[in-house]
Amino acid sequence: QLQLVESGGALVQPGGSLRLSCATTGFVLDYYNFGWFRQAPGEERGGVSCLSSSGGGANYIDSVKGRFTISRDKAKKTVYLEMHSLTPEDTGVYYCAAKYSGLYCGFFEAEYDYWGQGTQVTVSS
């Protein structure tokens, strides 16, 4: 049973930090690319960051470069998204997604076969 479960979302003030976790079940992390997507109220879901299984490294959308870091812990079978200097524009439901390994990762949703339930991040003063 392949499963992704996000956690770590919270209400934080602008400038704050959060670490989101994506706990995986049934995945060998080396065989999959992982992505973090978010959906703000009234907006379409879009990619934030992704991590290739090998060769392609990590990608970020421009608005989060230098602030967010995607990583994985193979022993814990968990993918993380560390977020710093959060702004209200970062508010949304954050989803973890996985696709079978490719050399590079991207943000085309149709490429991702597995999705978590999402975790809410709210950045507000």
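Above this note sits the structure.
All of these numbers come straight from a predicted model, not from anything done at the bench.

J.: Looking at this structure, I do not really get the environment of tyrosine 95. What am I missing?
T.: Among the secondary structure elements, tyrosine 95 is positioned in strand E9 (residues 92-100). Leaving out residues up to four positions away in the same chain, tyrosine 95 has contacts with Glu6, Gly35, Trp36, Phe37, Gln39, Arg45, Trp115, Gly116, Gln117 and Gly118.

J.: When you look at the pairing of strand E11 (residues 119-123) in this model, what are you seeing that I'm missing?
T.: Regular strands show a simple pattern: their side chains alternate between the two faces of the sheet. Only one face of E11 is buried, namely the one carrying Thr119, Val121 and Val123, since none of Gln120 and Thr122 on the opposite face is buried. As judged from the 2 bridges shared by strand E2 (residues 11-12) and E11, these two strands associate in the parallel manner. By the bridge assignment, valine 12 is partnered in E11 with valine 123.

J.: Which parts of the structure should I look at to understand the pairing of E9?
T.: Among the 9 residues that make up E9, 7 are buried, leaving the element largely enclosed by the rest of the structure. Here strand E4 (residues 32-39) pairs with E9 via 8 bridges, running antiparallel. Paired with phenylalanine 34 across the two strands is alanine 98, which belongs to E9. Bridge count for E9 against strand E10 (residues 114-115) is 2 bridges, and the pairing is antiparallel. Residue pairing in the sheet places alanine 98 in a bridge with tyrosine 114 of E10.

J.: For this particular structure, what's the right way to read the nonpolar core?
T.: Burial of nonpolar side chains together is a common tendency in soluble globular proteins. Phe34, Trp36, Phe68, Leu81, Met83 and Tyr94 are the most contacted members of the largest nonpolar core, which has 24 residues in total. For this core, the secondary-structure elements that each account for two or more residues are strand E3 (18-25), E4, strand E5 (46-51), strand E7 (68-73), strand E8 (78-83), E9 and E11. Ignoring anything within four residues of it in the chain, the contact list for methionine 83 reads Gly16, Ser17, Leu18, Leu20, Arg67, Phe68, Tyr94 and Val121. One finds Phe37, Ala97, Cys105 and Tyr112 within the second-largest nonpolar core, a separate group that totals 5 residues.

J.: What am I meant to see in the pattern of salt bridges here?
T.: Where side chains of opposite charge bring their charged atoms close, a pairing between them can arise. One pass over the full model with this rule turns up 5 salt bridges. Ionic pairing is found between lysine 74 and aspartate 30, a salt bridge with its closest N-O pair at 2.6 Å. Residue lysine 74 is found in the loop between E7 and E8, and its partner aspartate 30 is found in the loop between E3 and E4; the two are separated by 44 residues along the sequence. When salt bridges that share partners are traced, they join Arg38, Arg67 and Asp90 into one network.

About the cut-offs
Residues numbered from 1 in each chain as written. Predicted model: local features only at pLDDT ≥ 70, side-chain atom pairs only at ≥ 80, totals over all residues. Heavy atoms only, no water. Helix = DSSP H or I, 4+ residues; strand = E, 2+ residues; numbered from the N terminus. Contact = heavy atoms within 4.5 Å. Buried < 20%, exposed > 50% of the residue type's maximum accessible area, 1.4 Å probe, protein only. Pairing = 2+ DSSP bridges. Core = buried A, V, L, I, M, F, W, Y, C linked by side-chain atoms within 4.5 Å. Salt bridge = Lys/Arg side-chain N within 4 Å of Asp/Glu carboxyl O.

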